[in-house]
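# Per-entry structural report
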Amino acid sequence: GKVLRLPSRFLLAEDEFFKQIAFRARLKANLEVDADLMSPEDLKNAGYTTKAEYFEGELQKALISQTDALERYEELVLTGKILDDPKVKEQFVENAIGGYNKNSEYAVSALREARNTTFTNPLEKGTAGYSIQQMANRHPLLRQIIPFIQTPLNVMGVAWERTPLFSLLKRSYKEALSSPDPAIRAEAQGKLATGTAIVGTLTFLA
């Protein structure tokens, strides 16, 4: 059984490897940009004295520390969701350290980028893809016919978002274009620009 599951384990390890690279790259890039734009007064209001201190401080807040992991473990034990066992505790803490802290906006943004990069972002409720995924979860036999749902649909969604005119039919893309966050707006505009350039070039060549 372990031998037969090796390909799946390698695939999951590869996915996690690239997800970590994308997560930390986006996290550090966002922190670097924001720190560079902050004035001495902004830093003081945030509780820091230098830009380097802000970068390191917010970076630590974005990642789960050993203390955070232990607190989360104790919370799960008290609610009966996990066993109160030394080995389980050690494994839980080991797996949790370095993960994203859901209370950090930087971490949430970086996680979104990591999921987009590896095509593992959750399917949106109300979409056809989400309905198919839920149906497959309710009827395991369907998994023999459509074993992969989320990743292929996300790959197709990426192509859709970069296709001129068609991209405007996607609700999440239109929301990104009008987002109050300038970074999200710029990313959406970049998809449209690169998609138009590629489609225009291929159409001309064809």
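It should be noted that the structure appears before, not after, this text.
Across soluble globular proteins, nonpolar side chains have a tendency to be buried as a group. Phe23, Leu27, Leu31, Tyr54, Leu59, Leu63 and Tyr106 are the most contacted members of the largest nonpolar core, which totals 18 residues. Listed by contribution, the elements that provide at least two residues to this core are helix H1 (6–37), helix H3 (51–62) and helix H6 (105–117). With residues up to four places along the chain from it excluded, the contact list for Leu63 reads Phe23, Arg24, Leu27, Asp68, Gly98, Gly99 and Asn101.

A word on the pattern of salt bridges. Opposite charge on two side chains permits pairing when their charged atoms draw close. Within this structure, the stated rule accounts for 9 salt bridges. Among the salt bridges present, the one from Arg112 reaches Glu187, with a minimum N-O distance of 3.7 Å. In this pair, Arg112 sits in helix H6 while Glu187 sits in helix H10 (residues 182–205), placing the two residues 75 residues apart along the sequence. What makes Arg112 partly exposed here is its relative accessible area of 30%. A salt bridge links Lys170 to Glu161, with the nearest nitrogen and oxygen atoms 3.4 Å apart. Owing to a relative accessible area of 25%, Lys170 belongs among the partly exposed residues under this scheme. Where salt bridges share partners, they join Glu161, Lys170 and Lys191 into one cluster.

It is worth spelling out H6 at this point. Here H6 is 13 residues long and its end C-alpha atoms lie 18 Å apart, about the 18 Å a rise of 1.5 Å per residue gives. Where H6 is concerned, the buried positions are Tyr106, Ala107, Ser109, Ala110, Leu111, Glu113 and Ala114. Buried-residue contacts for H6 involve H1, H3 and H10. Of the residues one or two after H6, Phe119 is the one with positive phi, at around 55°.

Quick look at helix H5 (residues 86–96) now. All of the buried residues along H5 are Phe92, Val93 and Ala96. The buried residues of H5 all sit within an arc of 95° when viewed along its axis, so they share a single face. Exposed positions of H5 whose direction lies more than 90 degrees from the buried face are Lys87, Glu90, Glu94 and Asn95. Between a side-chain oxygen at the N-terminus of H5 and the backbone nitrogen of Lys87 the separation is 3.0 Å; the capping residue is Asp85. Trailing H5 by a residue or two, Gly98 shows a phi angle of about 90°, which is positive.

Reading the values: the criteria
Residues numbered from 1 in each chain as written. Predicted model: local features only at pLDDT ≥ 70, side-chain atom pairs only at ≥ 80, totals over all residues. Heavy atoms only, no water. Core = buried A, V, L, I, M, F, W, Y, C linked by side-chain atoms within 4.5 Å. Buried < 20%, exposed > 50% of the residue type's maximum accessible area, 1.4 Å probe, protein only. Helix = DSSP H or I, 4+ residues; strand = E, 2+ residues; numbered from the N terminus. Contact = heavy atoms within 4.5 Å. Salt bridge = Lys/Arg side-chain N within 4 Å of Asp/Glu carboxyl O. Expected span 1.5 Å × (residues − 1). Arc of directions from axis to C-beta. Polar contact = N/O pair within 3.5 Å; in protein donor to acceptor, adjacent residues only side chain to side chain.

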